[in-house]
Amino acid sequence: MRFSGLRVLKEGLTGNKGWGPHWRDPAPKPAYDIVIIGGGGHGLATAFYLAKEHGLRNVAVLEKGYLGGGNVGRNTTIVRANYYLPGNSEFYSHSLKLWEGLEQELNYNVMHSQRGVLNLFHSDGQRDAFVRRGNAMINQGDDAELLDREGVRKHLPYLDFDQARFPIYGGLLHWRGGTARHDAVAWGYARGASERGVDLIQNCEVTGIDIENGHVTGVQTSRGAIRARKVAIVTAGRSGQVAAMAGIRLPIESHILQAFVTEGLKPVIDNVVSFGMGHFYISQSDKGGLVFGGDLDFYPSYAQRGNLPTQEHVMEAAMTLMPMIGKARVLRSWGGIMDMTPDGSPIIDRSDIGGLYLDCGWCYGGFKAVPGSGFALAHLLATDRPHDSAAKLRLNRFRDGVGLMDEEGTGAQHNLH
């Protein structure tokens, strides 16, 4: 079943009776070549690229709940490639290139909107830092444009430019950044993987990982044992818990990141805007709601909800940057479980157990990394060699200290990244 304008028109005129399910709902087989634990964006993208790029179709994605019910559906939908350090820079650059062709590749509307990401700066020191970051982005082959105060005012006239504490000096504009529809990304990858023969198995909780003589042999699930030659843990904020089933202690803490959306408003915010003196970022959805977020709740938790002091902190940052937002009503808030590493950068690597692979530690960058992560992990699973874009995302950098990528320059405290 392919989507097209003509097909939509035909179905609309015939009562929409010709649409079928977007993916199959198979029962688990006794054995697979590869089992992917986690049916979120990264797991589904990995399955898709295994089938599409490497011809590996005897693959199962095991999801405890329903597909796309975790972090891929609980974020602020931002897509960008404005990273500074080697390792992150080439990875997110590659991911953005995949984003730009994703709708054609999946034949699915993920509502990718390259509306531009504008990071504000509020001091001479921040300006210097953004100049360096912009040059690094350009050297990587991505776009960056430095705006002065009036340049920002031209794009964002509704900001409070003259506040005494945090006057706006300018901003770094990344035009190819933007947003996408989070649910549609999961659905598109699920549909593409299922069409290529991958089994997507929902309501199938992994309860154990079988290991013999230092090599993985399969998994135990709520729907029975499943044998596998290779197993990938792709479970975001639950990575530490799942890895513990194999006796692995990951260098990860799980923290809650809250997000908020207001009532629908007329179009007012064209770009994604990030406040430089408070961790606050905002965009406007296609339905008109203002979607925004801020800092972590700063204590480890597996709850998918946050606390009131952090909500107050985010609202204060919003009011400081754009006082007009005080007139909007917040409809709802939610929380995603962030898998935070000590250097704020992710892991795509083999574990010390043969046949067991890891994709975790995405911190704030999980959604924008979905295509790049899936592509790189699929390459690793198929070839046992890291993809060039993810060559520096090694697990053992936390063991030997070589190749740490502290993007924020905040040290080894997980929740400061």
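What counts and how
- Position numbers for residues count from 1 along each chain, tracking the sequence in the order it is written.
- With the structure being a predicted model, the display of local features is reserved for residues of pLDDT at least 70 and the display and counting of side-chain atom pairs for 80 or more, all residues being used for whole-chain, interface and lining totals.
- With hydrogens and water stripped out, all remaining heavy atoms of the structure feed into the side-chain values.
- Only protein chains enter the accessibility calculation, which uses a 1.4 Å probe; a residue whose area is less than 20% of its type maximum is buried, one above 50% is exposed, and one in between is partly exposed.
- Note on conventions: DSSP H or I runs of at least 4 residues are helices, E runs of at least 2 residues are strands, and numbering of each starts at the N terminus.
- Whether two strands pair depends on DSSP finding at least two bridges between them.
- Helix axes are fitted only over the stretch in contact, all axes being lines through C-alpha atoms; the angle between N-to-C directions runs from 0 to 180 degrees.
- Throughout, a residue-residue contact means that at least one pair of heavy atoms, one from each residue, lies within 4.5 Å.
- Crossings are assigned a handedness: left-handed for a near helix turned anticlockwise from the far helix by less than a right angle, right-handed for a clockwise turn.
- Each residue is assigned to one of three groups, with Ala, Val, Leu, Ile, Met, Phe, Trp, Tyr, Cys and Pro labelled nonpolar, Asp, Glu, Lys and Arg labelled charged, and all others, Gly among them, labelled polar.
- As annotated, the domain borders come from an automatic or database domain assignment.
- Buried area is understood as the total, over both parts, of accessible area removed when two parts are fitted together, assessed with a 1.4 Å probe.
- For this document, the term salt bridge refers to a Lys or Arg side-chain nitrogen within 4 Å of an Asp or Glu carboxyl oxygen.
- Here a polar contact means two N or O atoms within 3.5 Å. Within protein one must be a hydrogen donor candidate and the other an acceptor candidate, and residues neighboring in sequence count only if both atoms are side-chain atoms.
- For the purposes of this section, nonpolar cores are sets of buried Ala, Val, Leu, Ile, Met, Phe, Trp, Tyr and Cys residues that join through side-chain atoms within 4.5 Å.
- Residue count minus one, scaled by 1.5 Å, sets the expected span of a helix.

Digging into unusual backbone geometry
Part 1 of the argument: Non-glycine residue Asn107 carries a positive phi angle of around 50 degrees.
Part 2 of the argument: According to the relative accessible area criterion, Asn107 is buried, its value standing at 12%.
Part 3 of the argument: For Phe298, which is not a glycine, the phi torsion comes out positive at approximately 70 degrees.
Part 4 of the argument: Tracing the backbone shows Phe298 in strand β15 (residues 289-300).
Part 5 of the argument: With a relative accessible area of 39%, Phe298 lands in the partly exposed category.

What about the sheet that holds strand β6 (residues 170-174)?
Part 1 of the argument: The strand order β5-β6-β4-β13-β14-β15-β12-β16 describes an open sheet built from eight strands, whose pairing is mixed. Edge strands, defined here as strands with exactly one partner in the open sheet, are β5 (145-148) and β16 (330-340). Taken over all neighbouring pairs, the strand axes of this sheet differ in orientation by 25 degrees on average, direction set aside.
Part 2 of the argument: One ladder, built from ten bridges, connects strand β12 (residues 253-264) with β16; its direction is antiparallel. Bridging across to β16, Gln258 finds its partner in Gly335.
Part 3 of the argument: Along the sheet face, helix α5 (residues 124-140) touches β4 (117-121), β5 and β6 and points at about 150 degrees away from the line of β4.
Part 4 of the argument: Helix α9 (residues 308-321) rests against β4, β12, β13 (272-275), β14 (280-284), β15 and β16 of the sheet, and its axis sits at about 135 degrees to β15.

Structural notes on the environment of Arg332
Part 1 of the argument: Here Arg332 lies in strand β16.
Part 2 of the argument: The sequence separation of Arg332 and Gly177 amounts to 155 residues, and the corresponding C-alpha distance is 25 Å.
Part 3 of the argument: Residues contacting Arg332, with those up to four places away along its chain left out, are Ala259, Phe260 and Val261.

Quick notes on the packing of helix α2 (residues 41-54) against helix α7 (residues 182-195)
Part 1 of the argument: Where α2 contacts α7, the two axes come as close as 8 Å, and the packing angle between them is 35 degrees. Between α2 and α7 lies a crossing of left-handed hand. Contacts between α2 and α7 involve Leu44, Ala45, Ala47, Phe48 and Tyr49 from the first element and Ala186, Tyr189, Ala190, Gly192 and Ala193 from the second.
Part 2 of the argument: Looking at the contact of α2 with α7, its residues break down into nine nonpolar, one polar and no charged.

Quick notes on the pairing of strand β11 (residues 224-233)
If a strand is regular, its side chains alternate between the two faces of the sheet.
Part 1 of the argument: Looking at chain direction, strand β1 (residues 31-37) and β11 are connected through six bridges and run parallel. Note that in β11 the partner of Ile36 across the bridge is Ala232.
Part 2 of the argument: Pairing of strand β10 (residues 215-221) with β11, which is carried by four bridges, proceeds in the antiparallel orientation. Paired with Gln220 across the two strands is Ala225, which belongs to β11.

Comments concerning the domain arrangement of the chain
Part 1 of the argument: Considered domain by domain, the chain is made up of domain 1 (24-78 + 182-251 + 343-400) and domain 2 (113-177 + 253-340).
Part 2 of the argument: A C-alpha centroid distance of 30 Å is found between domain 1 and domain 2.
Part 3 of the argument: At the junction of the two partners, domain 1 supplies 17 residues and domain 2 supplies 23 residues.
Part 4 of the argument: Both faces considered, domain 1 and domain 2 share a buried interface measuring about 1600 Å² in area, 56% of it formed by carbon and sulfur atoms.
Part 5 of the argument: When the buried area of domain 1 at its contact with domain 2 is split by residue, Arg74, Thr76 and Tyr364 rank highest and sum to 41% of it.
Part 6 of the argument: Applying the counting criterion to the domain 1 and domain 2 interface returns zero salt bridges.
Part 7 of the argument: Put simply, domain 1 and domain 2 have nine residue pairs in polar contact (both at pLDDT 80 or more) between them.

Details of the nonpolar core
Part 1 of the argument: Counting residues in each nonpolar core, the largest one holds 51 residues, and the members touching the most others are Ile36, Tyr49, Phe91, Tyr189 and Ile348.
Part 2 of the argument: Contributing elements (two or more residues each) for this core: β1, α2, β2 (59-62), α3 (88-100), α4 (102-106), α7 and α10 (370-383).
Part 3 of the argument: In contact with Ile348, not counting residues within four places along its chain, are Phe91, Leu358, Asp359, Trp362, Ser373, Ala376, Leu377, Leu380, Ala390 and Leu393.
Part 4 of the argument: In this structure, Ile201, Ala228, Val242 and Cys360 belong to the second largest nonpolar core, which totals 27 residues.

Brief notes about α10
Part 1 of the argument: Taking 1.5 Å per residue as the helical rise, α10 with its 14 residues ought to reach 20 Å, and the 20 Å between its terminal C-alpha atoms agrees with that figure.
Part 2 of the argument: Within α10, twelve of the 14 residues are buried, leaving the element largely enclosed by the surrounding structure.
Part 3 of the argument: Of all the positions in α10, only Val370, Pro371, Gly372, Ser373, Gly374, Phe375, Ala376, Leu377, Ala378, His379, Leu380 and Leu381 are classed as buried.
Part 4 of the argument: Looking one or two residues beyond α10, the residue adopting positive phi is Asp384, at roughly 60 degrees.

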